[in-house]
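Fold and geometry: a report
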Amino acid sequence: MYLVPAEDMAVRCVQGLSSDTARRLTGAFSEPEPELRGLELLKIVRDVPPGEDNDRMAHTVYRIADGAMAALPPLPETKAAITELEELYACRFDTQL
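Some words on the side chain of threonine 21
Position of threonine 21 relative to the elements: it lies in helix α2 (residues 19-29). Setting aside chain neighbours within four positions, we find threonine 21 in contact with Val14, Ile44, Met57 and Val61.

The structure is reproduced here in structure tokens:
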């Protein structure tokens, strides 16, 4: 499976926190359809368990997913995934969103 250098770096960063999440991130990055890629990235963020022990992982995968989704074409499905991603982050970390 080929990843562009930025995707490869993101997967390696997550690998230090969770090999399962890194594997899932690799799968999401390998998805060629933008709608499905956005949904896969969203699922990864959504599946980080609640709790302080997992906040570092939640923040890390949010930042990676946020950047990756920003590069997707502005389709209704990708826009909806970005909106839900922002809401998940805002609720978890009590931001001013």
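After presenting the structure, the write-up continues.
Topic: the packing of α2 against helix α4 (residues 55-70)
Where α2 meets α4, the closest approach of the two axes is 13 Å, and the angle between their N-to-C directions is 10 degrees. The angle between the axes of α2 and α4 places the two elements in the roughly parallel class. Within the contact between the two elements, α2 uses Thr21, Leu25 and Phe29 and α4 uses Met57, Val61, Ile64 and Ala68. In the contact of α2 with α4, the residues fall into 6 nonpolar, 1 polar and no charged.

Quick word on the pattern of salt bridges
One pass over the structure, following the stated rule, counts 7 salt bridges. Put simply, arginine 23 and aspartate 20 hold a salt bridge, and the shortest N to O gap is 2.5 Å. Of the two residues, arginine 23 and aspartate 20 are both situated in helix α2; the distance of 3 residues between them amounts to about one turn of the helix. Looking at arginine 23, the relative accessible area reads 55%, which means it is exposed.

Comments concerning the packing of aromatic side chains
Tallied over the full model, the rule gives 2 aromatic pairs. Plain terms: the ring middles of tyrosine 62 and tyrosine 89 are 4.0 Å apart, the flat faces sit at 20 degrees to each other, and that makes the pair stacked. Linking tyrosine 62 in helix α4 with tyrosine 89 in helix α5 (residues 76-93), this pair joins segments that are 27 residues apart in sequence. Look at tyrosine 62 and you get buried, because its relative accessible area is 8%. Of the residues examined, tyrosine 89 reaches a relative accessible area of 15% and is grouped as buried. Their ring planes at 45 degrees and their centres at 4.8 Å tell us that tyrosine 89 and phenylalanine 93 sit as a pair that is tilted. Within this pair, tyrosine 89 and its partner phenylalanine 93 are both found in helix α5, separated by 4 residues, close to a single helical turn. Its relative accessible area of 27% is what places phenylalanine 93 among the partly exposed residues. Chaining the aromatic ring pairs together yields one cluster made of Tyr62, Tyr89 and Phe93.

Some points on the nonpolar core
Residues Val14, Leu25, Phe29, Leu41, Val61, Met69 and Leu85 are the most contacted members of the largest nonpolar core, which totals 25 residues. Within the residue set of this core, elements represented by two or more residues are α1 (5-15), α2, α3 (34-46), α4 and α5. Contacts of leucine 25, omitting those with residues within four sequence positions, involve Ala10, Val11, Val14, Leu41, Ile44 and Ile64.

Quick notes on the rules
- Residues numbered from 1 in each chain as written.
- Predicted model: local features only at pLDDT ≥ 70, side-chain atom pairs only at ≥ 80, totals over all residues.
- Heavy atoms only, no water.
- Helix = DSSP H or I, 4+ residues; strand = E, 2+ residues; numbered from the N terminus.
- Contact = heavy atoms within 4.5 Å.
- Axes fitted to C-alpha atoms, helices over the stretch in contact; angles between N-to-C directions.
- Parallel < 35°, antiparallel > 145°, perpendicular 65-115°, else oblique.
- Nonpolar A, V, L, I, M, F, W, Y, C, P; charged D, E, K, R; others polar.
- Salt bridge = Lys/Arg side-chain N within 4 Å of Asp/Glu carboxyl O.
- Buried < 20%, exposed > 50% of the residue type's maximum accessible area, 1.4 Å probe, protein only.
- Phe/Tyr/Trp six-rings, centres within 6.5 Å; stacked < 30°, edge-to-face > 60°.
- Core = buried A, V, L, I, M, F, W, Y, C linked by side-chain atoms within 4.5 Å.

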